[in-house]
Amino acid sequence: MESRFEGAAEVIDQPTFQGTKVFELLSRAFENARKKYPSEVQESYYVFGGRPVKFRIVGRELEGSLLLPFSHLRHTGPIPSIPQLTIDLWDETQTKIRCQAHIISGDSEWKQITVQSSDQRFVAQQLPNTLTCLDRTESRIVGSIAWHPWVFIYERAKPLARLLLEWHNDQGIQVIHGGLVSQNGRGALLVGKSGSGKSTSSLACLSGGLDFLGEDFIGLEITKEKSVVGHSLYNSVFLERAHSKRFQELAPHVVSGLHSRERKSAVILGKGFRQQLRRFVPIRVLVLVRVNEQRIQSHFRSATKGEGLLGLGPSCLFQIPSRGAGSFSKLAELACLVPAYQLELGRDLRSIPLAVEKILSELG
């Protein structure tokens, strides 16, 4: 699969993108689907970044599958009076209601594009089976999904990724690339450049009994009281073939791509690991990970704040572009607020969660 299909492409400011028209066409089609199939309208509430979010989905199969990566974020208490975000989606396959809005035309099977209107109000993303648009003023996402068994694995495992990234950033929650695990309410943010072993570390910690918040997209929030909070966005994990072999306990929950060019599978953790999933956690330590094949057991040492900041920048900003001049300054603030450790990963995966547990225990 091409790397640009991983959802991290920068937003394109496209003067020709008519955000108002696209959003209106999508909204009109959603209302037609909702009125035509009232018995298929599924309404539910979730908590994204500590904010209430309302879903309205036309299509039971779409609702049952699309929301699995968010299952740990579902709100079960009293219905919030005013959601901070509303997400309206319909299943084109079931309703047979097509939307005439397009960002790009032609054969888009292996393309994805994210565009922004000239006034920055509307952000839209088109994927092979999905077209969605965010109105930042109204805090509403509306879109169509042609759901079927051959939907691409990225659309299944990380739905609405680019638009949710933009929305979280608008809330003051910067989405970064990293892993986040915790024990006893204390979070460890795992960062490192591509291939450093942060995904392996996150999964090893999950297998070792630690709580899990993510290994890809993580929401970073620094409160007025200078507390650093990490928010979970998805309970899904992408797996390379090497990971699948190393974590056999994940096998029952693997969803494989059905297209020849999809080199990754995904694991939806909502069912098998529900007790270990957390919505948010205070980040108490920054862990800089790197592989050391010469070691059997993993080893850690204290790192300087400069090392912490150096480890944050390339992995967190370059792999998931963050808009706004304050992106790097927030990472610098994180590096100043929490201690940093360097973790060298040995060949014994069981030693990784033990090392992370010891780092957290040293914090007192």
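Above this text you will find the structure in question.
Notes on the structure follow. (Residues numbered from 1 in each chain as written. Predicted model: local features only at pLDDT ≥ 70, side-chain atom pairs only at ≥ 80, totals over all residues. Heavy atoms only, no water.)

Attention shifts here to the environment of Thr95. Structurally, Thr95 can be placed in helix H3 (residues 92–95). Each C-alpha atom of the pair Thr95 and Val58 lies 8.1 Å from the other, and the pair is 37 residues apart in sequence. Side-chain polar atoms of Thr95 contact the backbone oxygen of Asp91, separated by 2.7 Å. (Helix = DSSP H or I, 4+ residues; strand = E, 2+ residues; numbered from the N terminus. Polar contact = N/O pair within 3.5 Å; in protein donor to acceptor, adjacent residues only side chain to side chain.)

Once that is clear, we can look at the nonpolar core. Core analysis: the biggest nonpolar cluster contains 34 residues, and Phe48, Phe55, Phe70, Leu85, Ile87 and Leu164 have the highest contact counts within it. Only strand E2 (41–48), strand E3 (51–58), helix H2 (60–66), strand E4 (85–91), strand E8 (140–145), helix H4 (153–157) and helix H5 (161–170) provide two or more residues apiece to this core. Looking at this core element by element, the count peaks at five residues for H5. Excluding residues that lie within four positions of it along the chain, Phe48 makes contacts with Val53, Phe55, Phe70, Leu73, Ile87, Leu164, Trp167 and His168. (Core = buried A, V, L, I, M, F, W, Y, C linked by side-chain atoms within 4.5 Å. Buried < 20%, exposed > 50% of the residue type's maximum accessible area, 1.4 Å probe, protein only. Contact = heavy atoms within 4.5 Å.)

The next subject is the packing of aromatic side chains. Aromatic rings considered in pairs are described by the distance between their centres and by the relative angle of their planes. Applying the stated criterion to the full structure yields nine aromatic pairs. Residues Phe48 and Phe70 carry aromatic rings whose centres are separated by 5.2 Å and whose planes lie at 45 degrees to one another, so their mutual orientation is tilted. Taken as a pair, Phe48 in strand E2 and Phe70 in the loop between H2 and E4 lie far apart in primary sequence, 22 residues in all. Here Phe48 and Phe70 have matching classes, each one buried. Aromatic pair Phe217 and Tyr234: ring centres 6.1 Å apart, planes at 55 degrees, arrangement tilted. Within this pair, whereas Phe217 is found in strand E13 (residues 217–222), its partner Tyr234 is found in the loop between strand E14 (228–232) and strand E15 (236–239), the two being separated by 17 residues in sequence. Here Phe217 and Tyr234 have matching classes, each one buried. Ring pairs connect the aromatic residues Tyr46, Phe48, Phe55, Phe70, Phe217 and Tyr234, which therefore count as one cluster. Directly above the ring of Phe217 sits Lys158, whose terminal nitrogen or CZ lies 5.8 Å from the centroid. (Phe/Tyr/Trp six-rings, centres within 6.5 Å; stacked < 30°, edge-to-face > 60°. Lys NZ or Arg CZ within 6 Å of the ring centre and 35° of its normal.)

Turning our eyes to something else, we now look at the sheet that holds strand E17 (residues 265–268). Across the sheet, which stays open at both edges, the three strands sit in the order E15-E17-E16 with antiparallel pairing between neighbours. Of all the strands in the sheet, the pair left with one neighbour each is E15 and strand E16 (254–256). This sheet shows a mean twist of 30 degrees between the axes of neighbouring strands, independent of strand direction. Here E15 runs beside E17; their pairing, made up of four bridges, is antiparallel. Each bridged residue has a counterpart across the sheet, and for Leu239 the counterpart in E17 is Ser265. (Pairing = 2+ DSSP bridges. Axes fitted to C-alpha atoms, helices over the stretch in contact; angles between N-to-C directions.)

On to the pattern of salt bridges. Where charged atoms from two side chains of opposite charge come close, those side chains can pair. Inspection of every chain in the model, using the stated rule, returns 18 salt bridges. With a shortest N-O distance of 3.9 Å, Lys54 and Glu43 are connected by a salt bridge. In this pair, Lys54 is assigned in strand E3 and Glu43 in strand E2, connecting sequence segments 11 residues apart. A salt bridge links Arg121 to Glu138; the shortest N-O distance between them is 3.9 Å. With Arg121 in the loop between strand E5 (113–116) and strand E6 (122–127) and Glu138 in the loop between strand E7 (130–135) and E8, this pair connects stretches of sequence that are 17 residues apart. Relative accessible area serves as the criterion here: at 28%, Arg121 is assigned to the partly exposed category. (Salt bridge = Lys/Arg side-chain N within 4 Å of Asp/Glu carboxyl O.)

For helix H1 (residues 19–36), with 18 residues, the first-to-last C-alpha span of 26 Å sits near the 26 Å given by 1.5 Å per residue. The complete set of buried residues in H1 reads Gly19, Val22, Phe23, Leu26, Ser27, Ala29, Phe30 and Ala33. Buried residues of H1 fall within an arc of 165 degrees about the axis and therefore sit on the same side. Looking at H1, the residues exposed on the side facing more than 90 degrees away from the buried face are Lys35 and Lys36. On its buried side, H1 packs onto E3, E4, H3, E6, E7 and E8. (Expected span 1.5 Å × (residues − 1). Arc of directions from axis to C-beta.)

In this section: the side chain of Glu215. Tracing the backbone shows Glu215 in the loop between strand E12 (211–214) and E13. Buried and without a salt bridge, Glu215 has Lys158 as its closest oppositely charged side chain, separated by 4.7 Å. Of the polar contacts made by the side chain of Glu215, one reaches the side chain of Ser199; its length is 2.7 Å. Contact partners of Glu215, with chain neighbours within four places excluded, come to Gly178, Gly179, Ser199, Ser202, Val237 and Phe238. (Lys, Arg positive; Asp, Glu negative; His and termini not counted.)

Let's shift gears to the pairing of strand E9 (residues 174–177). Burial along E9 is two-sided: Gln174 and Ile176 and Val175 and His177, pointing in opposite directions, are all buried. Summarising the sheet, E9 and E13 pair through four bridges and their orientation is antiparallel. Opposite Val175, over in E13, you have Gly219 as the bridge partner.

Contact geometry of helix H6 (residues 198–207) with helix H10 (residues 351–362) gives a least axis separation of 8 Å together with a crossing angle of 85 degrees. In this view, H6 runs roughly perpendicular relative to H10, as classed from their interaxial angle. Only Ile352, Pro353 and Val356 of H10 make contact with H6, whose side of the interface consists of Thr200, Ser201, Ala204 and Cys205. Broken down by class, the residue content of the contact of H6 with H10 amounts to five nonpolar, two polar and no charged. (Parallel < 35°, antiparallel > 145°, perpendicular 65-115°, else oblique. Nonpolar A, V, L, I, M, F, W, Y, C, P; charged D, E, K, R; others polar.)

Turning next to unusual backbone geometry. Even without glycine at this site, Lys96 takes up a positive phi of about 65 degrees. You can call Lys96 exposed: its relative accessible area is 58%. Within the chain, Leu160 stands out as a residue other than glycine whose phi angle is a positive 60 degrees. Within the secondary structure, Leu160 sits in the loop between H4 and H5.

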